[in-house]
Amino acid sequence: MSEIAEKVKAIIIDKLGVEESEVTPEASFTNDLGADSLDTVELIMEFEKEFNVSIPDDQAENIATVGQAVSYLEEHAK
Amino acid sequence: MELKRVVVTGLGALTPIGNTVADYWNGLSNGVSGAAPTTRFDAGKFKTQFACEVKGYVPENYFDRKEARKMDLFSQFAMVVADEAVKDANLVEGTYDPGRVGVIWGSGIGGLRTFQEECVNFANGDGTPRFNPFFIPKMIVDISAGHISIKYGFRGPNFSTVSACASATNALIDSFNYIRLGMADVIVSGGSEAAVTEAGIGGFNALKALSERNDSPETASRPFDKDRDGFVLGEGAGALILEEYEHAKKRGAKIYAEIIGGGMSADAYHITAPHPEGLGALNVMQNVLRDANIKPEDVDYINVHGTSTPLGDVSEVKAIQTVFGEHAYKLNISSTKSMTGHLLGAAGAIEAIACILAIQHQEVPPTINHFTDDESFDPGLNFTFNKAQKRDIKVALSNTFGFGGHNTSVLFRQLND
């Protein structure tokens, strides 16, 4: 697993209070990991902070699963 | 229309001298001080380096980590005491209509630490706004009432009262009124506060409101003592289940006491100083006696606002002597803030509980830390100094006054039928 993927996983475990085993690439923040809309906003902000990127709202809407977050960040992280 | 009777059927407490109602009463009865050096932040450079903090509070004992992270401490405290009170009242589903159960909750300040931390983060950044989406819903004063309703599904009247240190008493009075008017059957009421932060201590220090007795925190809160030098900031929460009397009887609820009156007034004098003659305090006690339709002679115990400030204690006692006349000498008066410190917007909740437990145990909790008489106070008055006192208590009065000149009083009576 990439360094980015590890960090993303750690943030999700911390913010959503879920078990590591639940954080699979296919896992959806809202459907599988118990996030509500505010949790999702917080996750995006944490990703922005950790990876020093700015994720525009229209792209944030497309980040709904763990895997989507990792791919986006692998592409855009500085 | 005929007003309904309202009784108290459940209690919850998380205080600097006990983390449950039973432990709180033990602390009150034994004259325990809750003051100690501040642990919530490094107070090394502050004029006041101690407070009455809740001891041994571990959020994970009450919440899962994710849940706790979304609540400021003042809301966590609210949830803890609401849970104790709901269980104590045996409010089990099926015995009430959730649409007629409300939550009316007081807090003077709300999520002060949350506000402080978010602003500090922004100030330390490069100007990019990275405010947490939970910032506002953690900070706002009314959120505790929301959290409690969400947990239990109570869908009746729901809001918060804000009147500084009178907040929780305003919550009790509003709850009492809605129930006696028939607008709700049960209301979870009380208040919570968690302002032991840099901004809280620093702000009250700037007002010269806090005791600075750093060499002896446990004796710093000394209401009515000649050498009192300000209040001691406390934190915590208290919850009371107020319930319409017939509703309580019907479900076989245990009844602690009846709430028989609520009074309110304003000093209309100064933002922080009390009226020198205690005019607002006088008016509020007259108002509460009138509301309850009882005579001054019917009152046995007054749990005073008595914060241990030089001015406040004097004006409140003047008002008591004017309202109660000769009966003032037969009353027991005490300030439990000598033990708990001043819980600001939650003070009215834990002090109402102190009144109810005093009625239950027929014992007046003391005003501890009395060392030197102050000639400003009539020596014929009984301030219950240093030791709890057993006596008949049928009716107890709780006073709370807030910055802004808000005054509130409530009366509790032993259930006598």
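Structure report, in brief. (Residues numbered from 1 in each chain as written. Chains lettered and ligands numbered in written order. Predicted model: local features only at pLDDT ≥ 70, side-chain atom pairs only at ≥ 80, totals over all residues. Heavy atoms only, no water.)

## Structural notes on the overall build of chain B
A tally of helices and strands in chain B yields 13 helices and 14 strands. In terms of overall dimensions, chain B is globule-like: its C-alpha atoms have a radius of gyration of 20 Å, near the 22 Å expected for 417 residues. Projected onto the principal axes, the alpha-carbon positions of chain B cover approximately 65 × 55 × 40 Å. The 417 residues of chain B split such that 61% are buried. Intrachain contacts of chain B at a sequence separation of at least 6 include 80% that bridge at least 24 residues. Surface accessibility of chain B: about 15,500 Å² in total, with carbon and sulfur atoms responsible for 52%. Charge centroids of chain B, computed over 37 positive and 49 negative side chains, lie 3 Å from each other. (Helix = DSSP H or I, 4+ residues; strand = E, 2+ residues; numbered from the N terminus. Rg over C-alpha atoms; globule rule 2.2 N^0.38 Å. Buried < 20%, exposed > 50% of the residue type's maximum accessible area, 1.4 Å probe, protein only. Contact = heavy atoms within 4.5 Å. Areas by Shrake-Rupley, 256 points an atom, 1.4 Å probe, with all protein chains shown as cover. Lys, Arg positive; Asp, Glu negative; His and termini not counted. Charge placed at Lys NZ, Arg CZ, Asp CG, Glu CD.)

## Details of the interface of chain B and chain A
Taken together, the contact pairs 10 residues of chain B with 16 residues of chain A. Taken over both partners, the interface formed by chain B and chain A buries close to 1,000 Å², and the fraction arising from carbon and sulfur atoms is 46%. Taken as a group, B:Lys66, B:Arg130 and B:Pro133 account for 50% of the area that chain B buries against chain A, more than any other trio of residues on that side. Run the count over chain B and chain A and you get 5 salt bridges. A salt bridge links B:Lys70 to A:Asp39, with the shortest nitrogen-to-oxygen separation between them at 2.7 Å. Taken together, the links from chain B to chain A amount to 7 residue pairs in polar contact (both at pLDDT 80 or more). In terms of residues, the side of chain B that touches chain A owes the most to one element, helix 2 (residues 65–69) of chain B, which gives 3 residues. Along the lines of polarity and charge, the residues of the side of chain B that touches chain A split into 4 nonpolar, 1 polar and 5 charged. (Buried area = accessible area lost by both parts, 1.4 Å probe. Salt bridge = Lys/Arg side-chain N within 4 Å of Asp/Glu carboxyl O. Polar contact = N/O pair within 3.5 Å; in protein donor to acceptor, adjacent residues only side chain to side chain. Nonpolar A, V, L, I, M, F, W, Y, C, P; charged D, E, K, R; others polar.)

None of this, on its own, says anything about what the molecule does.
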